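Residue-level structural notes
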Amino acid sequence: MRLEIVRLLVADLSISLTFYRDVLGMTVSSEDGEDYADLRVSEDFTLALFRRDLMAAAVGRAGLAPSAAVQDSFVLVIGTDDVDAAADRLRGLGMRLETDPTDRPDWGIRTLHLRDPDGHLVELNSPLPDR
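Let us look at the structure shown here. (Residues numbered from 1 in each chain as written. Predicted model: local features only at pLDDT ≥ 70, side-chain atom pairs only at ≥ 80, totals over all residues. Heavy atoms only, no water.)

Here we look at the overall build of the chain
When helices and strands are counted, the chain shows three helices and eight strands. Written out in order from the N terminus, the α and β elements of the chain read β-α-β-β-β-α-β-α-β-β-β. Seen through its principal axes, the chain has C-alpha atoms that stretch 50 × 35 × 35 Å. Taken over 131 residues, the chain has a buried fraction of 33%. Contacts spanning at least 24 positions in sequence make up 48% of the contacts within the chain whose residues lie at least 6 apart. Of the roughly 8300 Å² of accessible surface on the chain, a fraction of 50% belongs to carbon and sulfur atoms. (Helix = DSSP H or I, 4+ residues; strand = E, 2+ residues; numbered from the N terminus. Buried < 20%, exposed > 50% of the residue type's maximum accessible area, 1.4 Å probe, protein only. Contact = heavy atoms within 4.5 Å. Areas by Shrake-Rupley, 256 points an atom, 1.4 Å probe, with all protein chains shown as cover.)

Next up, the structure:
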């Protein structure tokens, strides 16, 4: 088995698609315009966006309110060549960062965090230079 797609369940496909395509720069590989979109993250990985209400209906949970967790249950991690340049670009687009670029020596990476339009936690990171 291999992980090929992560599907984020979103409230508004057009708003989320704008965020991942225009703010984070992902390439749309397919979309149906209203319910679903695939974004190519890398050669072997796709991020899919799907309307939350349609998935709830598909698994027999239509009409139930989405639960709000106090702490995040996952983080979407995206590699980038330069976290600081990404932070500057995101701020220039008016995005609010959850964390400023931060060296994380125990993890071996430099990170920043922000949220997508549905509140999903997104991490951009790049390797720390060898010391």
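What follows continues from the structure just given.
Considerations on the pattern of salt bridges
Inspection of the entire model under this criterion finds 10 salt bridges. Between Asp103 and Arg110 there is a salt bridge whose closest N-O contact spans 2.7 Å. Judged by its relative accessible area of 35%, Asp103 is partly exposed. (Salt bridge = Lys/Arg side-chain N within 4 Å of Asp/Glu carboxyl O.)

Concerning the sheet that holds strand β2 (residues 27-31)
Pairing in this open sheet of four strands is mixed, and the strands run β1-β4-β3-β2 from one edge to the other. Bordering the open sheet on either side are β1 (5-10) and β2, each of which pairs with just one other strand. On average, each strand axis in the sheet is inclined to that of its neighbour by 25°, with strand direction left out of account. Note: strand β3 (residues 36-42) against strand β4 (residues 45-51), six bridges, orientation antiparallel. When the sheet's bridge partners are listed, Asp38 is paired in β4 with Ala48. (Pairing = 2+ DSSP bridges. Axes fitted to C-alpha atoms, helices over the stretch in contact; angles between N-to-C directions.)

Some remarks on the sheet that holds strand β7 (residues 109-115)
An order of β5-β8-β7-β6 is seen for the four strands of this open sheet, with the pairing classed as mixed. Looking at strand neighbours, the two that pair on one side only are β5 (75-79) and β6 (97-104), the edges of this open sheet. The average angle at which neighbouring strand axes cross in this sheet is 20°, direction not considered. With five bridges connecting them, β5 and strand β8 (residues 121-127) associate as parallel partners.

Treat this as a map of the structure, not an account of what it does.
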